[in-house]
Amino acid sequence: MRTVLVTGGLGYIGSHTVVELQQKDYEVVIVDNLSNSNEKVLDSIWKITGVKPHFLKADLSLADQCAKVFELFTEIEGVINFAAFKAVGESCDKPVEYYRNNLNIILNLLEQMIARGIEYFVQSSSCTVYGEPETLPVREDSPIQRATSPYGNTKQMAEDILRFASDTGKVKAMALRYFNPIGAHESALIGELPNGVPNNLMPYITQTAAGIRERLTVFGNDYPTPDGTCIRDFIHVVDLAKAHVVAMDRFFEHGNKAAFEYFNIGTGRGYSVLEVIRSFEKTTGVKLNYVFGPKRHGDIIRIWADTALASEELKWKAEKSLDQMTSSAWKWQLHLKG
Ligand code: UD1
């Protein structure tokens, strides 16, 4: 069995990835500082897979705590890094904290890996690196635009750090550029659990439908798109999670073609905010209370992925439909209500 360290493994994407890894017979060590997650997720993972992953609470942005992880778990052969602060708006108010946390985690992990001869690193990156794209769909060689937030900049800088670290020949890295993950595991035992008022669309929709929020504000309805609302490449979180297993397999099977690789992880199809709302209403039978409001500062008008490279190289493709995304998100919200 191969052992993989999953940082931020109790978070939204991390927990779904741990489930997929364990179901493909990887042994998983989760490290999480619980800043935006809950230790109960461990039991949910256990229930779904029948295996309880190893878990250590630690802050990887601190070099000594990071070193301790590798001292305790000497069998680690690869790392998947989800540990990061991720609120775009907050990052503009707290740039120093965002750079310190998100980049120190990567530097500390790399330092330990290089010292111990651990080669494989998968980084959660984001389509935010492309900014507002000039041509669609965006390809991996589309230009990287100047970041509009410290959060986005940490994603770009993380890729640069990994590119140069890979140039030494001591590590091999892969950045997966996620589009917009939504939805939840079919068991409804794990899902997105935002702290406080959600920033992102899908949890705002489900919390509004559940009566936790009074109404959803759709940010802008006069964008130059068919229905006037923004367009995103929404991807089911389980499809996204599976891409990480494929990425790790590629390393272990020596399938990677360069020391640093990067892939778009999306469906290749864009849906508007209104289309997501309609899908939610259709699949759940719940009428959503929403109003149109002003545009949100910094929003990209439209973006969706060219998925050819992931499909050719990783032999990975997203399989789940928008309806499966919205209905599973609702199932999870209902599970939370108990
Ligand atoms: C945002 C970040 C992105 C980050 C991702 C992860 C920006 C510009 N981008 O993506 O970098 O990787 O979150 O969390 O912040 N919307 C509403 N009402 C709401 C919430 C959202 O209309 O209450 C709309 C937004 O205007 C947008 C779409 O829904 O058009 C998707 O928004 P969201 O879920 O926040 O994702 P992104 O902004 O695409």
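Residues numbered from 1 in each chain as written. Predicted model: local features only at pLDDT ≥ 70, side-chain atom pairs only at ≥ 80, totals over all residues. Heavy atoms only, no water.

Using the criterion set out here, one finds 16 salt bridges in the structure. As a salt-bridge pair, Arg177 and Glu159 come within 2.6 Å of each other at their nearest N and O atoms. Pair noted here: Arg177 is in strand β6 (residues 172-178) and Glu159 is in helix α6 (residues 150-167), with a separation of 18 residues, a long-range link. Taking relative accessible area as the criterion, Arg177 reaches 2% and is therefore assigned buried. Overall, Glu159 belongs to the buried group, its relative accessible area being 3%. Arg215 is paired through a salt bridge with Glu214; the nearest N and O atoms lie 3.4 Å apart. A relative accessible area of 63% places Glu214 in the exposed class. Members of the salt-bridge network, linked through shared partners, are Arg250, Lys257, Glu261 and Glu313. (Salt bridge = Lys/Arg side-chain N within 4 Å of Asp/Glu carboxyl O. Helix = DSSP H or I, 4+ residues; strand = E, 2+ residues; numbered from the N terminus. Buried < 20%, exposed > 50% of the residue type's maximum accessible area, 1.4 Å probe, protein only.)

Right, let's get into the environment of Ser187. Considering the arrangement of structural elements, one finds Ser187 in the loop between β7 (180-182) and α7 (201-209). Taking the C-alpha atoms as reference, Ser187 lies 8.7 Å from Lys331; in sequence the two are 144 residues apart. Only 2.7 Å separates the side chain of Ser187 from the side chain of His185, close enough to count as a polar contact. Here the side chain of Ser187 touches Leu189 through a polar contact of 3.1 Å, landing on its backbone nitrogen. (Polar contact = N/O pair within 3.5 Å; in protein donor to acceptor, adjacent residues only side chain to side chain.)

Among the residues of helix α2 (residues 41-49), Val41, Leu42, Ser44, Ile45, Ile48 and Thr49 are the ones counted as buried. Burial along α2 is one-sided: seen end-on, the buried residues are contained in an arc of 160 degrees. Where α2 is buried, its residues touch α1 (12-23), β2 (27-32) and β3 (54-57). Following α2 by one or two positions, Gly50 has its phi on the positive side, about 80 degrees. (Arc of directions from axis to C-beta. Contact = heavy atoms within 4.5 Å.)

The next point concerns empty space enclosed by the protein. Inspection of every chain in the model, using the stated rule, returns one cavity of 30 Å³ or more. In this structure, the largest cavity occupies an estimated 60 Å³ of space. Forming the walls of the largest cavity are Asn81, Ala83, Ala84, Asn102, Ile106, Gln123, Ser124, Thr154, Lys155 and Ala158. Elements that contribute at least two residues to the lining of the largest cavity include exactly α5 (95-116), β5 (120-126) and α6. Per element, the largest residue contribution to the lining of the largest cavity is three residues, and it comes from α6. A breakdown of the residues in the lining of the largest cavity according to their chemical character gives four nonpolar, five polar and one charged. (1 Å grid on protein atoms, 1.4 Å probe; cavity = no way out; pocket = protein on both sides within 12 Å on 5 of 7 lines; lining within 4 Å. Points joined across faces, edges and corners; volume = space filled by probe spheres on them. Nonpolar A, V, L, I, M, F, W, Y, C, P; charged D, E, K, R; others polar.)

In this section: the environment of Lys94. Within the secondary structure, Lys94 is located in the loop between α4 (88-93) and α5. Relative accessible area serves as the criterion here: at 37%, Lys94 is assigned to the partly exposed category. Linking Lys94 and Tyr151, residues 57 residues apart in sequence, is a C-alpha distance of 9.7 Å.

Here we come to the sheet that holds β6. Read across the sheet, seven strands follow the order β3-β2-β1-β4-β5-β6-β11 without closing on themselves; strand pairing throughout is parallel. Edge strands, defined here as strands with exactly one partner in the open sheet, are β3 and β11 (260-265). For this sheet, the mean inter-axis angle between neighbouring strands, taken without regard to orientation, is 20 degrees. For strand β1 (residues 3-7) and β2, the ladder comprises five bridges, and the chain directions are parallel. Bridge pairing links Val4 to Val28 in β2. Along the sheet, α1 makes contact with β1, β2, β4 (76-81) and β6, crossing β2 at roughly 165 degrees. Along the sheet, α5 makes contact with β1, β4 and β5, crossing β5 at roughly 165 degrees. (Pairing = 2+ DSSP bridges. Axes fitted to C-alpha atoms, helices over the stretch in contact; angles between N-to-C directions.)

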